[in-house]
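An overview of the molecular structure
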Amino acid sequence: MYKILAPIIYFNSNISIASKFLLLGILFYTSLLTTGYVISENAYKALISADTKQQGVETIRKALKLRSLYDSFLDMEAASIANDDPGPGARAQKLLKELRTSANSLNNGKVKWQEVELLQNKLNDVHTSIDLSASRKIKSSSLQFLYNDNERIIAITSSYLESLMDASGLYSDHDQSIRSLLKFITSDMGGIFQTLSKTRGIGSQAILSDFPSSDTLNLLDSVYVEIENAEKSLLDKVTTAFSAEDIATTKPIVTEAIAALKDARTLLDEQIISATEKDLTWDSYYDKLSEKIESQNTLSLTALDLILTKVQLSRETANDKLEQTIAIEVAILLATIYLFLGFYFSMTTPIKKLVDGARQMADGDMTVILKKTSRDELGHLTECFNESADRVHEIIKQ
């Protein structure tokens with residue numbers, strides 16, 4: 001063992017005690033600070049991840065508003081075609097202005113994760129699509145073209161939404177409830193929005209037409225069945241996506257959304273499918289359907305609020321963990337520095353006194369007596385020194 005340790009023993013034998021303590025301190029605090037850095041970095045990454053997800057939720061909220069405005073604008077355009085308007089009317093122009101404002105609000109150059117190329121390309125697709133819709137001549141657009149375009153726009157906005165969820169880390173969150181709520185918003189509620197949008201747009205056209213075509217009525221019959229199915233399945237979808245606690249708090253909103261689907265189905269049946277005469281103008285019908293769609297939108301935003309609450313809780317946990325980690329690291333650092341200095345002075349002070357005493361004896365002072373300050377090996381050495389000094393003093397006296 002001695003042969004193995006010989007190099008380090010030789011090295012330590014040729015440096016001062018202060019240097020030995022300094023070397024030990026460097027080795028100890030290097031490992032301590034490295035470990036603390038790794039733990040703090042992980043906690044910091046968790047905090048940054050939670051911040052990114054929180055920003056993602058707010059951006060998704062804006063994207064959902066964009067999609068809702070776009071649906072409203074396209075349905076208004078469909079009604080304008082059926083009404084033989086030469087271009088979008090005042091209401092459609094107002095929607096278009098809100099649509100542009102909503103799209104511009106998604107351009108946030110200050111948020112790093114939103115600068116990824118894929119996300120920017122999809123946002124550019126949204127802007128391009130809005131420009132095309134704004135410049136389209138109403139009379140030159142057939143209804144079939146408009147609805148094909150509607151499907152394209154739904155695909156663009158849905159793709160952008162999914163990219164937002166992926167880029168912000170929400171899709172990869174370890175919390176299964178967050179992923180379930182995201183699926184509910186994009187898939188389950190997305191399908192309901194599309195169905196109600198068709199009910200609003202095609203229904204408005206049918207009211208404007210004196211004699212709706214058989215194709216239009218067949219399409220509305222199909223939409224009626226879709227609404228009925230959505231009405232029956234919405235509660236099951238909510239039960240699947242929401243926790244029991246969340247279901248209890250959101251029950252009034254869910255009940256209102258289901259009632260809104262029933263009202264939309266009744267409105268479609270009474271005003272168009274089974275109607276013998278028209279009780280509502282197209283714009284009144286449009287506004288009533290918009291109210292039913294808003295009830296579904298409220299449910300979607302409620303699910304998004306639940307995600308935000310979970311993300312905020314995750315952020316608070318990450319922040320608490322980071323603060324606790326830093327506090328523990330600082331406490332350990334201060335405690336070890338205190339102990340380190342205590343060890344250092346408990347060794348160097350007695351040794352310094354022994355050296356001074358030895359020098360006094362070398363100078364001829366045989367009466368030197370050192371005060372014992374410890375009960376360790378250095379204290380025992382001090383006793384031996386005092387005994388030796390006393391013995392030498394006795395010999396000289398004799």
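What you see is a predicted model; the values in this text were computed from it and never measured. Each chain carries its own residue numbering, running from 1 in the written order of its sequence. A pLDDT threshold of at least 70 governs which residues receive local features in this predicted model, and a stricter bar of 80 or more applies before side-chain atom pairs are shown or counted, although totals over entire chains, interfaces and linings include all residues. As a convention, hydrogens and water are excluded, and side-chain values are obtained from all of the structure's heavy atoms.

Turning next to the overall build of the protein chain. Here a strand is any run of E in DSSP of at least two residues, a helix any run of H or I of at least four, and the numbering for each starts at the N terminus. Counting secondary structure elements, the protein chain contains 10 helices and zero strands. When the helices and strands of the protein chain are placed in sequence order, the string is α-α-α-α-α-α-α-α-α-α. Considering the protein chain as a whole, with its 398 residues, one finds that 39% of them fall into the buried category. Note on contacts: a residue pair qualifies if any of its non-hydrogen atoms lie within 4.5 Å across the two residues. Counting only contacts in the protein chain whose residues sit at least 6 apart along the sequence, the fraction spanning at least 24 positions is 80%. Counting only carbon and sulfur atoms, one obtains 58% of the accessible surface of the protein chain, whose full area is about 22400 Å². Exposure categories follow from relative accessible area, calculated using a 1.4 Å probe and restricted to protein chains: below 20% of the type maximum is buried, above 50% is exposed, and the middle band is partly exposed. With residues, only the protein chains shown are counted as cover, and all accessible areas are computed by Shrake-Rupley using a 1.4 Å probe.

This paragraph deals with the nonpolar core. Ranked by internal contacts, the top residues of the largest apolar core, which has 70 residues, are Phe184, Leu234, Phe242, Leu299 and Ile307. Within the residue set of this core, elements represented by two or more residues are α2 (17-82), α3 (90-104), α4 (117-135), α5 (143-167), α6 (176-208), α7 (214-241), α8 (244-273) and α9 (282-362). If near-sequence neighbours (up to four positions away) are discounted, Leu234 is found in contact with Phe184, Met189, Ile192, Ala257, Ile258, Leu261, Gln296 and Leu299. What makes a nonpolar core is a set of buried Ala, Val, Leu, Ile, Met, Phe, Trp, Tyr and Cys residues whose side-chain atoms join them at distances within 4.5 Å. Among the nonpolar cores identified, the runner-up in size contains seven residues, and Leu354, Met361, Met366 and Val368 belong to it.

The next thing to look at is the side chain of Glu231. As for its position among the elements, Glu231 is in helix α7. The class of Glu231 is buried, set by a relative accessible area of 16%. A polar contact of 3.0 Å, which involves the side chain of Glu231, links it to the side chain of Arg265. Discounting residues that sit within four places of it in the chain, Glu231 has contacts with Ile258, Leu261, Lys262 and Arg265. Think of a polar contact as two N or O atoms within 3.5 Å of one another; within protein, one of them needs to be a possible hydrogen donor and the other a possible acceptor, and neighboring residues in sequence only count if both atoms come from side chains.

Residues three or four positions apart in an α-helix share a direction because the helix packs 3.6 residues into each turn. Here a helix's expected span is defined as the number of its residues, less one, multiplied by 1.5 Å. Look at α7: 39 Å from first C-alpha to last across 28 residues, which is about the 40 Å you get at 1.5 Å a residue. The angle between axes fitted to the seven-residue stretch ending at a residue and the seven-residue stretch beginning at it gives the bend at that residue. Along α7, the helix axis deviates most sharply at Ser233, where the bend reaches about 40°. Elements in contact with the buried residues of α7: α6, α8 and α9.

Bringing the packing of aromatic side chains into the picture now. Pairing of aromatic rings covers Phe, Tyr and Trp, the last through its six-membered ring, and needs centres within 6.5 Å; plane angles under 30 degrees mean stacked, over 60 mean edge-to-face, and all others mean tilted. A complete count under the given rule lists two aromatic pairs for this structure. On the basis of an interplanar angle of 90° and a centroid distance of 5.3 Å, the ring pair of Phe184 and Phe242 is categorised as edge-to-face. Residue Phe184 is found in helix α6, and its partner Phe242 is found in the loop between α7 and α8; the two are separated by 58 residues along the sequence. Residue Phe242 is classed as buried on the basis of its relative accessible area of 5%. Ring geometry for Trp282 and Tyr286: centres 6.2 Å apart, planes at 75°, overall edge-to-face. Of this pair, Trp282 and Tyr286 both sit in helix α9, separated by four residues, roughly a single helical turn. Any Lys NZ or Arg CZ that is within 6 Å of a ring centre and within 35 degrees of that ring's normal is treated as a charge sitting over the ring. Over the aromatic face of Tyr286 sits the side chain of Arg200, whose NZ or CZ is 5.0 Å from the ring centroid.

On to the pattern of salt bridges, then. Salt bridges are identified by distance alone: a Lys or Arg side-chain nitrogen within 4 Å of an Asp or Glu carboxyl oxygen. A complete count under the given rule lists 10 salt bridges for this structure. For the salt bridge of Arg100 with Asp131, the shortest nitrogen-to-oxygen distance reads 2.9 Å. Taken together, the residues span a long stretch of sequence, with Arg100 in helix α3 and Asp131 in helix α4 at a distance of 31 residues. Taking relative accessible area as the criterion, Arg100 reaches 34% and is therefore assigned partly exposed. Residues participating in the shared-partner salt-bridge network are Glu58, Arg61 and Asp305.

Per-residue confidence from the predictor is reported as pLDDT, a score between 0 and 100. Confidence along the protein chain averages 82 in pLDDT terms, with 89% of residues attaining 70 or more. Ranking the elements of the protein chain by mean pLDDT puts helix α1 (residues 2-13) last with 63 and α8 first with 92.

This next bit is on the environment of Lys183. One can find Lys183 in helix α6. Lys183 sits 21 residues away from Glu162 along the chain, and the two C-alpha atoms are 9.8 Å apart.

Turning to the environment of Ala264, a few remarks are in order. Here Ala264 shows up in helix α8. Each C-alpha atom of the pair Ala264 and Leu289 lies 6.4 Å from the other, and the pair is 25 residues apart in sequence. Ala264 has contacts with Leu196, Leu289 and Lys292, leaving out every residue within four places of it along the chain.

A few words now on helix α10 (residues 377-397). In this model, α10 (21 residues) spans 30 Å end to end at C-alpha, consistent with the 30 Å of a helix rising 1.5 Å per residue. Buried within α10 are the following residues: Leu378, Gly379, Thr382, Phe385, Asn386 and Ala389. Along the axis of α10, the buried positions cluster into a sector of 115°, meaning they face one direction only. Exposed positions of α10 whose direction lies more than 90 degrees from the buried face are Glu377, Glu387, Arg391 and Ile395. Those residues of α10 hidden inside the fold are in contact with α9. Note that the arc is defined by the directions from the helix axis to the C-beta atoms.

On the surface, Leu23, Leu24 and Leu27 cluster together into a nonpolar patch covering about 280 Å² of accessible area. Within the secondary structure, Leu27 is located in helix α2. Patches here are clusters of residues that have more than 30% relative accessible area and form no salt bridge, with a 9 Å joining cutoff for like charges and a 5 Å cutoff for nonpolar side chains (Val, Leu, Ile, Met, Phe, Trp, Tyr).

Here we take up the packing of α3 against α4. Angles shown run from 0 to 180 degrees and are taken between the N-to-C directions of axes, each axis being a line fitted to C-alpha atoms and, for helices, limited to the stretch in contact. Two elements in contact, α3 and α4, have axes whose closest approach is 11 Å; the angle formed by their N-to-C orientations is 165°. Judged by the angle between their axes, α3 and α4 are roughly antiparallel. For the pair α3 and α4, the crossing hand works out as left-handed. Between α3, through Leu96, Leu99, Arg100, Ala103 and Asn104, and α4, the contact on the second element is made entirely by Leu123, His127, Ile130, Asp131 and Ala134. Put simply, Ala, Val, Leu, Ile, Met, Phe, Trp, Tyr, Cys and Pro go in the nonpolar bin, Asp, Glu, Lys and Arg in the charged bin, and everything else, Gly too, in the polar bin. Of the residues contributing to the contact of α3 with α4, the split by class is six nonpolar, two polar and two charged. Oblique is the label for any angle not covered by the other classes, which are roughly parallel (under 35 degrees), roughly antiparallel (over 145) and roughly perpendicular (65 to 115). The handedness criterion is simple: a crossing whose near helix is rotated anticlockwise from the far helix by less than a right angle is left-handed, and one whose near helix is rotated clockwise is right-handed.

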